[in-house]
Protein chains: 2
Amino acid sequence: MKIIIDAMGGDNAPLEIVKGAVLAKEKYDADIVLTGREEEILKALKSMGEASLPAGIEIVNCEEVITMEDDPATAPRRKRNSSMTVGLTMLRKGEADAMVSAGSTGALLTGATLFTKRINGIRRAALAPFVPCKGGNVLIIDCGANVECTPEYLLQFAFMGSFYVKSMLNIEAPRVGLINNGAEECKGTELQKETYKLLAKAHAEGRVNFVGNVEARDVPLGACDVAVCDGFTGNIIIKGFEGIAKFMFGEIKQVLKKNVKTMIGAALVKNDLMSLKKLMDSDEVGGTILLGISKPVIKAHGSSDAKAVCNAVRQAISIVNADIVSQINDNIDYMRIESTEAEA
Amino acid sequence: MKIIIDAMGGDNAPLEIVKGAVLAKEKYDADIVLTGREEEILKALKSMGEASLPAGIEIVNCEEVITMEDDPATAPRRKRNSSMTVGLTMLRKGEADAMVSAGSTGALLTGATLFTKRINGIRRAALAPFVPCKGGNVLIIDCGANVECTPEYLLQFAFMGSFYVKSMLNIEAPRVGLINNGAEECKGTELQKETYKLLAKAHAEGRVNFVGNVEARDVPLGACDVAVCDGFTGNIIIKGFEGIAKFMFGEIKQVLKKNVKTMIGAALVKNDLMSLKKLMDSDEVGGTILLGISKPVIKAHGSSDAKAVCNAVRQAISIVNADIVSQINDNIDYMRIESTEAEA
């Protein structure tokens, strides 16, 4: 197996990315391709005490870098020789099995769609991160790739999310919920109402384990394994969770500093509360898959360090082994409105 | 001043509602009108040790009750003699200054629109609760009254929310943010893009202190005083906050029970953490105003106890004193798309 890592993407590139690549090569049975400026990558390796390129790691030199200042909609095409575009193109050509990048999410999404291409029949790729919830994790799909969606997109997100969760979390029939402003079938805008019908039909046919509408309150309480929504709503959900967790930890900190009594108490519970804070921290959740692309593309967090990059590689390997793309391919006929209607 | 209280609305009606009315009458300088089944109200009073109706409290007998099982879209009209509809109609006729109900939110919204009526020129009434955030509170408008919105509705929400926050929190120029999936002007769907233009114009004219797009993450971190959004998004935000807070307190509880050390620590910080939990609890936030109705209508939480009802009455009195309806009336020309465009 071969995993491409975009050596130039992310706040800590290239040093932490290169470190993560070396770590991943040591830990996992996969070869690594680093795309990026060879000179800078070799310099990073040297600063780590690696005199030469470790076995199983190769460099594909490319001079351009897509930065956070670049327009994500045009950068991948404009910068054909960037570490990101080169990697995504290699992926398309079958020169590797998956790719990890901590670069711009928007650019990665545009680039993957343009150069790696979507799975045939999939209308839109979706950003699908795991978020901690009561009893485990919930996949939220889409989290910002597609601000405007059709019911068909959401149906496809439900299928793709199910295959992914089934493989990654070993859940036989992941519970799919449609995020809505109430549990009743009649709730939401036209988008939710129409999607509800499609999901109910897929459920009746035994293809998706649809548990109905799920309110935002019930997502962190573990009401479903796959939470389906348009990218605008998904962004609101995930950013809202992040903000409220940050706010609450800030308030807890104040509470614990209140007086001598609470400060003593704080000393006793601090470590355990910190591990909870870590759980809620997006940096720790790992990479986010771009579901719907013809090869696995993993977006690592922009602030990824070596450990996060290494985790993203582990995730990429699991996804390749689970062969999620084939699962989507095999079911594509049930994921299109025309074909499902023709069946009826 | 006279405040109507729907004696039959809420999970704890009529007993806790009647208790709250008596409490409010003792604490505040306002007369109270209880709408509902006289016999049940008198029975509740008797169980509290009140042999007769306390001075300053009157009962308007009405036999019907709108329950949570009633269709909120039709119940207020169908049950003309319900405690809710009777109260809202009295309000319209000028027989009282404000109304408090812990009954069905949907029915109260329908009823207030049909019987108390909107302020002339206001397109839609909005549900606008205060939510705790870093450094204070933020008003989220709309939180579920209008699933589908136009840019004009959102412009009106921004104005109404500003007047309300200015009066209630004594903030001279409340910072108005538009909830969006990114800070840049180009973000969001057509709704956000068009609303952005209207708010930027109102800001340039010195009428609203628009601080731009605000991500969901920054709402609990105190980025604005008034967070404007459609009712679907507002529902996602507020329910999401509720769920994540509940999830986190559950996890904290687990952490604190982990071992002897954390249990001792927990004993020392428990009371202070409980007060934080209370802060995050929707029951404690107080009533939610229906902004845009021609008289103040306050929705108290369904699970309101006497204290919550009493708090909602205090809130109603403040709103009447601040004369928010007049402030909206005086500015209605700037809150309509036609008039703002004609001005240009």
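(A) Focus on the overall build of chain A. Secondary structure assignment for chain A yields 12 helices and 12 strands. For a compact globule of 344 residues, the expected C-alpha radius of gyration is about 20 Å, and chain A comes in at 21 Å, within 12% of that figure. The dimensions of chain A, computed from C-alpha atoms along their principal axes, are 65 × 65 × 35 Å. The long-range fraction of contacts in chain A, counting pairs at least 24 apart against all pairs at least 6 apart in sequence, stands at 72%. Taking the average place of the 40 positive charges on the side chains of chain A and the average place of its 44 negative ones, the gap between the two points comes to 4 Å.

(B) Region of interest: the sheet that holds strand E9 (residues 209-214) of chain B. Residue and element names in this part refer to chain B. A sheet is described by the order of its strands in space; here 5 strands give the open sequence E6-E7-E10-E8-E9, paired in mixed fashion. In this open sheet, the two strands that pair with only one neighbour each are strand E6 (130-133) and E9. Going from strand to strand, the sheet's axes swing by 30° on average, the running direction of each strand aside. Judged from the 5 bridges that link them, strand E8 (residues 175-179) and E9 form a sheet pairing that is parallel. Within E9, the residue paired with Val176 across the bridge is Phe210.

(C) Inspection of the sheet that holds strand E12 (residues 297-299) of chain B at higher detail. Residue and element names in this part refer to chain B. In spatial order, the strands read E3-E2-E1-E4-E12-E11-E5; together these 7 strands make up an open sheet with mixed pairing. For this open sheet the edge positions go to strand E3 (57-61) and strand E5 (126-128), each flanked by a neighbour on one side alone. In this sheet, adjacent strand axes meet at a mean angle of 25° when their direction is disregarded. Bridge analysis of strand E1 (residues 2-6) against strand E2 (residues 31-36) gives 5 bridges, and the strand direction is parallel. Bridge pairing in E2 links Ile4 to Val33. With respect to the sheet, helix H4 (residues 83-92) is in contact with E1, E2, E3, strand E4 (98-101) and E12, its orientation differing from that of E4 by roughly 165°.

(D) Quick peek at the relation of the copies chain A and chain B. Rotating chain A by 180° about the axis while translating it 0.0 Å along that axis superimposes it on chain B, leaving an RMSD of 0.0 Å. A rotation of that kind, with that shift, is consistent with a two-fold axis. When each C-alpha of chain A is compared by its distance to the rotation axis, Gly265(A) comes out closest, at 1.9 Å.

(E) Quick peek at the interface of chain A and chain B. With 50 residues of chain A in contact, the opposing surface of chain B contributes 50 residues. Buried area between chain A and chain B, summed over both chains or domains, comes out near 4600 Å², and the portion from carbon and sulfur atoms is 76%. For Glu242(A), the salt bridge is made with Arg217(B), and the minimal N-O distance between the two is 3.0 Å. Where chain A packs against chain B, one counts 6 residue pairs in polar contact (both at pLDDT 80 or more). Where the side of chain A that touches chain B is concerned, the elements lending two or more residues are strand E6 (130-133), helix H7 (190-204), helix H8 (231-256) and helix H9 (260-280) of chain A. With 20 residues, H8(A) is the largest single contributor of residues to the side of chain A that touches chain B.

(F) Examining the pairing of strand E7 (residues 136-141) of chain B more closely. Here E6(B) runs beside E7(B); their pairing, made up of 4 bridges, is antiparallel. Bridged to Val131(B) within E7(B) is Val138(B).

(G) Structural context of the environment of Thr67(A). All names here are of chain A. One can find Thr67 in the loop between strand E3 (57-61) and helix H3 (75-78). Taking the relative accessible area as the measure of exposure, Thr67 reaches 32% and is therefore partly exposed. Residues Thr67 and Asn235, spaced 168 residues apart in sequence, show a C-alpha to C-alpha distance of 22 Å.

(H) Looking closely at the side chain of Glu215(B). Inspection of the secondary structure puts Glu215(B) in the loop between E9 and strand E10 (226-228). Judged by its relative accessible area of 13%, Glu215(B) is buried. There is a polar contact of 2.4 Å between the side chain of Glu215(B) and the side chain of Lys239(A). Among residues more than four places away in sequence, those in contact with Glu215(B) are Asn235(A), Lys239(A), Asn180(B), Asn181(B), Gly182(B) and Ala183(B).

About the thresholds
Residues numbered from 1 in each chain as written. Chains lettered and ligands numbered in written order. Predicted model: local features only at pLDDT ≥ 70, side-chain atom pairs only at ≥ 80, totals over all residues. Heavy atoms only, no water. Helix = DSSP H or I, 4+ residues; strand = E, 2+ residues; numbered from the N terminus. Rg over C-alpha atoms; globule rule 2.2 N^0.38 Å. Contact = heavy atoms within 4.5 Å. Lys, Arg positive; Asp, Glu negative; His and termini not counted. Charge placed at Lys NZ, Arg CZ, Asp CG, Glu CD. Pairing = 2+ DSSP bridges. Axes fitted to C-alpha atoms, helices over the stretch in contact; angles between N-to-C directions. Least-squares fit on C-alpha atoms with pLDDT ≥ 70 in both. Buried area = accessible area lost by both parts, 1.4 Å probe. Salt bridge = Lys/Arg side-chain N within 4 Å of Asp/Glu carboxyl O. Polar contact = N/O pair within 3.5 Å; in protein donor to acceptor, adjacent residues only side chain to side chain. Buried < 20%, exposed > 50% of the residue type's maximum accessible area, 1.4 Å probe, protein only.

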